[in-house]
Amino acid sequence: MPNSALMKPSQAVKQFRIPGRFVYTNSIGRGNVNDTYEAVFREGASVHRVILQRINSRVFERPEWIMANMRLLTDHVWQKLQAEPDDDTREWGIPKIIPSRHGEDFFV
């Protein structure tokens, strides 16, 4: 996501394939590396909550590399999790990457 002065999180999150009607974004963290937002979408009685992060391009000049690594990690772990039996005792999870409307793992 570009500098927040150029595009609001509420505009950026609409660039991703998230089901439902956009409701709001809420800032949940600011830092030197990224800014983090929760975005809420409503689809009928279902509510979808997603995390949107703006990566500081002065710190990470190639954010597509970050997302390529994140894709490798999440695909690998999701594949391992699918092979495990369903078990309510697992206390951790892994993010699921939501593609942009253009099919990429990020939006600039």
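Structure first, text after, so check above.
Below, the structure is looked at part by part. Source: prediction; values computed, not measured.

**Quick look at the packing of aromatic side chains**
Centre distance and the angle of the planes are the two values used to describe a pair of aromatic rings.
Next up, step 1: Under the defined criterion, the tally for this structure stands at one aromatic pair.
Next up, step 2: Look at Phe22 and Phe41: their rings are 5.5 Å apart centre to centre, the planes differ by 65 degrees, and that puts the pair in the edge-to-face class. Taken together, the positions of Phe22 in strand β1 (residues 21–30) and Phe41 in strand β2 (residues 34–43) put the pair 19 residues apart, joining distant regions of the chain. Neither residue differs from the other here; Phe22 and Phe41 are each classed as buried.
Next up, step 3: Over the aromatic face of Trp78 sits the side chain of Lys96, whose NZ or CZ is 5.1 Å from the ring centroid.

**What to know about the layout of surface pockets**
One way to see where empty space is left: roll a probe the size of a water molecule over the atoms.
Next up, step 1: By volume, the largest pocket is sized at about 940 Å³.
Next up, step 2: Forming the walls of the largest pocket are 32 residues, and the residues nearest its centre are Leu52, Gln53, Arg54, Ile55 and Met67.
Next up, step 3: Breaking the lining of the largest pocket down by element, the ones donating at least two residues are β3 (46–55) and α2 (63–83).
Next up, step 4: Considering each element in turn, the lining of the largest pocket owes the most residues, six residues, to β3.
Next up, step 5: Considering only residue class, the lining of the largest pocket consists of 22 nonpolar, five polar and five charged.

**Considerations on the sheet that holds β2**
Next up, step 1: A sheet is described by the order of its strands in space; here three strands give the open sequence β1-β2-β3, paired in antiparallel fashion. The open sheet has two edge strands with one neighbour each: β1 and β3. Taken over all neighbouring pairs, the strand axes of this sheet differ in orientation by 20 degrees on average, direction set aside.
Next up, step 2: With ten bridges joining them, β2 and β3 adopt antiparallel strand pairing. Residue pairing in the sheet places Glu43 in a bridge with Ser46 of β3.

**Focus: the environment of Pro95**
Next up, step 1: Position of Pro95 among the secondary structure elements: in the segment after α2.
Next up, step 2: When the C-alpha atoms of Pro95 and Ala45 are compared, they prove to be 23 Å apart, with 50 residues separating the residues in sequence.
Next up, step 3: What Pro95 contacts, discounting residues up to four positions off in sequence, is Met70, Thr74 and Trp78.

**Comments concerning the pattern of salt bridges**
Next up, step 1: Inspection of the entire model under this criterion finds five salt bridges.
Next up, step 2: A salt bridge links Glu38 to Arg49; the nearest nitrogen and oxygen atoms lie 3.4 Å apart. Placement of Glu38 in strand β2 and of Arg49 in strand β3 is noted, with a sequence separation of eleven residues between them.
Next up, step 3: What makes Arg49 exposed here is its relative accessible area of 54%.
Next up, step 4: Of the charged contacts in the structure, one is a salt bridge between Arg71 and Asp105, with a shortest N-O distance of 2.6 Å. You can see Arg71 sitting in helix α2 and its partner Asp105 sitting in the segment after α2, a full 34 residues away along the chain.
Next up, step 5: Here the salt bridges share partners, and the residues they tie into one network are Arg71, Asp75 and Asp105.

Rules behind the numbers
Residues numbered from 1 in each chain as written. Predicted model: local features only at pLDDT ≥ 70, side-chain atom pairs only at ≥ 80, totals over all residues. Heavy atoms only, no water. Phe/Tyr/Trp six-rings, centres within 6.5 Å; stacked < 30°, edge-to-face > 60°. Helix = DSSP H or I, 4+ residues; strand = E, 2+ residues; numbered from the N terminus. Buried < 20%, exposed > 50% of the residue type's maximum accessible area, 1.4 Å probe, protein only. Lys NZ or Arg CZ within 6 Å of the ring centre and 35° of its normal. 1 Å grid on protein atoms, 1.4 Å probe; cavity = no way out; pocket = protein on both sides within 12 Å on 5 of 7 lines; lining within 4 Å. Points joined across faces, edges and corners; volume = space filled by probe spheres on them. Nonpolar A, V, L, I, M, F, W, Y, C, P; charged D, E, K, R; others polar. Pairing = 2+ DSSP bridges. Axes fitted to C-alpha atoms, helices over the stretch in contact; angles between N-to-C directions. Contact = heavy atoms within 4.5 Å. Salt bridge = Lys/Arg side-chain N within 4 Å of Asp/Glu carboxyl O.

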